[in-house]
Every structure is written in structure tokens, then in C-alpha cells.
Amino acid sequence: MDLEARNLSSSAWERPVLHFSRGLPGLERYRWFEVTPVPENHFFLMLQSREEEAVGMFLLDPFPFFPGYRCQLSTSDREDLELDDHQSPLIYTTVSIWNEEMFTNLAAPIGINVARRKGKQVYLPEYSKQLRVSLAEVLATAAGPKIAEPL
Amino acid sequence: MINKAVRLMLVLTRKNGESLVIGENITIKVISAENGSVRLGVDAPREIPVYRQEIYQAIREENLRAVGSRKNPQQLPKLPPSK
């Protein structure tokens, strides 16, 4: 094994592989996902299925763009993520791109417990009308990100 | 002639506090039923996802769009840290 291949395999080993014990709606067959940062673009992560290469998506750190965004997880969500009493999960939102326009889903973010390697797509009823929020406005006005108000 | 595409739905009547058992380890209990709303308790193993149907469909659609529109990371916008 040459040096480069060994480095690649060791760095792959360090990438967190998360177990989504309940799967993701529409993607239930896949339970193991690898999370990798997008180089030089730290607002995004790649969520990549370990079981199927074609299954992957971008995730966004929503908080810099939607400063009013709040994630109150239910008890069962916290249990599924194996969070300790006062532990907060990482929260990322899914990203879809349509005609060059980016959208994100504030209603069903992905909660991540890195320590336990657990992931779950949770549902926030207070954001039920914000399943597909355009990022165009938020990205255009760097000075004033739009605040997501619960409806 | 029987249309094989049609699956008959099992219809059962339950009272408050009564349950249904599906398979070996899924129990659905009627907690209350009043004013046209039925409150259900679902006891299912951790690997069985449970969603309200219309919410499940909406999240499913967004997830499939996200997977379908994934691009090369280089094509993502370089985002200014907006504060």
C-alpha cells in the first residue's frame, strides 16, 4: 500500500459514520451515513450513504442564516439521539437545489449526536410551513439574514 | 371479477383505552376520541419510524429532492459569513 492510499483510508476512518436508526423519510433503506465537511465552505456538510453511493445530500448549518431558528427536540427525539440531559445535538438542515436556487427544510432538520454517532431527522411542528425555504434572499443580503419566525 | 389491485382495509372499532396490536411489537392505543380528533399512542420498536402521513410525504419529497439535486461541492455558493 502506498502512503497516499494509507492516508486516505485512515482519514476515511476518522470521518464520523452516523447511524440513523429510523432511517430518513424516502430513504429508509439506508441507515448508515458518513458526514464530511465541504472543503473551504464550512456552512455545508455532505451527508453520504455508506450503503449506496448515489444517495447523498448537502446539509446546511441553518443558524447563521436564520438567527431566529430554534430547535426544541421532543423527548423521544432526544432518546433516539441518545443525548444526555443537558446535551445539545448538532443541527443541520437538508439542502435541495432547483434551477440554481437553493432551498432548505427548516421543518425537518437533522439532529446529530457526534459522541454517540447517532443521527435523526426530527420534525418541528412550529416550522411546518417552512419545509422549503429559499436561500436566495438570505444569500443575497449578507448583512441582514432573514429571521425564521415560527408560524 | 375481482380487481387484484384493490386491497381491502381492515376496519375495527375501538373504545378509549383500547389498543391494536400489529405484528409482534407494534401497539397502537386509543388515548381519547372526542370532537372529531382521535389521540393515539404508538408503541413501536426504535427502528420503526412513525410519522403523521401528510408530514411523512412532505419530508420524503424534500429528502428526495435533496438527493436528486446534489451537485459537485465546488458548485455550491461560497457563502459570506453573514452576521
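Values in this document were obtained by computation on a predicted structure and should not be read as measured data.

The rules behind each value
Residues numbered from 1 in each chain as written. Chains lettered and ligands numbered in written order. Predicted model: local features only at pLDDT ≥ 70, side-chain atom pairs only at ≥ 80, totals over all residues. Heavy atoms only, no water. Patch = residues over 30% accessible without salt bridge, like charges linked within 9 Å, V, L, I, M, F, W, Y side chains within 5 Å. Areas by Shrake-Rupley, 256 points an atom, 1.4 Å probe, with all protein chains shown as cover. Salt bridge = Lys/Arg side-chain N within 4 Å of Asp/Glu carboxyl O. Helix = DSSP H or I, 4+ residues; strand = E, 2+ residues; numbered from the N terminus. Buried < 20%, exposed > 50% of the residue type's maximum accessible area, 1.4 Å probe, protein only. Pairing = 2+ DSSP bridges. Core = buried A, V, L, I, M, F, W, Y, C linked by side-chain atoms within 4.5 Å. Expected span 1.5 Å × (residues − 1). Contact = heavy atoms within 4.5 Å. Phe/Tyr/Trp six-rings, centres within 6.5 Å; stacked < 30°, edge-to-face > 60°. Lys NZ or Arg CZ within 6 Å of the ring centre and 35° of its normal. Polar contact = N/O pair within 3.5 Å; in protein donor to acceptor, adjacent residues only side chain to side chain. Axes fitted to C-alpha atoms, helices over the stretch in contact; angles between N-to-C directions.

K.L.:
How do you make sense of a nonpolar patch on the surface when you look at a structure like this?
P.N.:
All names here are of chain B. A surface patch of nonpolar side chains, about 410 Å² in accessible area, is lined by V38, L40, V42, I48 and V50. Among the secondary structure elements, V50 is positioned in the loop between β3 (37-43) and α1 (53-68). Judged by relative accessible area, V50 falls into the partly exposed class, the value being 46%.

K.L.:
Explain the pairing of strand β1 (residues 19-22) of chain B here, please?
P.N.:
Note on strand geometry: in a regular strand, side chains alternate between the two faces of the sheet. Relative to strand β2 (residues 26-34) of chain B, β1 of chain B is paired through four bridges, and the arrangement is antiparallel. Within the sheet, the bridge partner assigned to S19 of chain B lies in β2 of chain B and is K29 of chain B.

K.L.:
What exactly am I supposed to notice about the nonpolar core here?
P.N.:
The nonpolar side chains of a soluble globular protein tend to be buried with one another. Ranked by size, the top nonpolar core spans 29 residues in total, and within it F44 and F66 of chain A carry the most contacts. Elements with a minimum of two residues in this core: β3 (44-49), β4 (56-60) and β5 (90-98) of chain A together with α1 of chain B. Here this core gets three residues from one element, more than from any other, and that element is β5 of chain A. Membership of the second largest hydrophobic core comes to 17 residues, among which are L27, L45 and V55 of chain A together with V67 of chain B.

K.L.:
I keep staring at α1 of chain B and nothing clicks. Help me out?
P.N.:
Three or four residues apart is the spacing at which side chains of an α-helix point the same way, because the helix has 3.6 residues per turn. Between its first and last C-alpha atoms α1 of chain B spans 22 Å; for 16 residues at 1.5 Å apiece the expected length is 22 Å, and the two agree. Within α1 of chain B, burial applies to I55, Y56, I59, E62, N63, R65, A66 and V67 of chain B. On its buried face, α1 of chain B sits against β4, β5, β6 (101-104) and β8 (118-121) of chain A.

K.L.:
What exactly am I supposed to notice about the packing of aromatic side chains here?
P.N.:
Geometrically, a pair of aromatic rings is defined through the distance of the ring centres and the angle of the planes. Applying the stated rule across the entire model yields six aromatic pairs over all chains. The interplanar angle of 65° and the centroid separation of 5.0 Å between the aromatic rings of F43 of chain A and F65 of chain A together place this pair among those described as edge-to-face. A residue pair is termed long-range when its members are at least 10 positions apart, and F43 of chain A in the loop between β2 (32-37) and β3 and F65 of chain A in the loop between β4 and α2 (75-80) qualify at 22 residues. Judged by its relative accessible area of 1%, F65 of chain A falls in the buried class. Of the aromatic side chains, those joined through ring pairs into one cluster are F63, Y69 and Y127 of chain A. The ring of W98 of chain A has R65 of chain B lying over it, and the distance from NZ or CZ to the ring centre is 4.1 Å. The cationic tip of R65 of chain B hangs over the ring face of F103 of chain A; the distance from NZ or CZ to the ring centre is 5.9 Å.

K.L.:
Explanation requested: the interface of chain B and chain A in the structure shown.
P.N.:
On the side of chain A, 45 residues touch chain B, which itself brings 31 residues to the contact. Linking chain B with chain A are two salt bridges. Between R132 of chain A and E62 of chain B there is a salt bridge whose closest N-O contact spans 2.6 Å. Inspection of the region where chain B meets chain A yields 10 residue pairs in polar contact (both at pLDDT 80 or more).

K.L.:
What exactly am I supposed to notice about unusual backbone geometry here?
P.N.:
The phi torsion of most residues other than glycine is negative, and most of the peptide bonds are trans. Phi angles above zero are rare outside glycine, and E82 of chain A is one such case at about 55°. Note on placement: E82 of chain A falls in the loop between α2 and β5. With a phi close to 55°, N35 of chain B is a non-glycine residue in the positive phi region. With respect to the helices and strands, N35 of chain B occurs in the loop between β2 and β3.

K.L.:
What am I meant to see in the environment of P62 of chain A here?
P.N.:
Mapped onto the elements of the fold, P62 of chain A is located in the loop between β4 and α2. As a C-alpha pair, P62 of chain A and P109 of chain A span 47 residues in sequence and 9.1 Å in three-dimensional space.

K.L.:
Honestly, the sheet that holds β3 of chain B in this entry has me stumped. Any pointers?
P.N.:
Strand pairing in a sheet relies on backbone hydrogen bonds, with the paired strands running either antiparallel or parallel. Residues and elements named next belong to chain B. In spatial order, the strands read β1-β2-β3; together these three strands make up an open sheet with antiparallel pairing. Taken across any chain shown, the strands that pair with only one partner, and hence form the sheet edges, are β1 and β3. Between one strand and the next, the sheet's axes are offset by a mean angle of 25°, whatever the strand orientation. As paired elements, β2 and β3 share seven bridges and run antiparallel to each other. Pairing of E34 across the sheet is with S37, part of β3.

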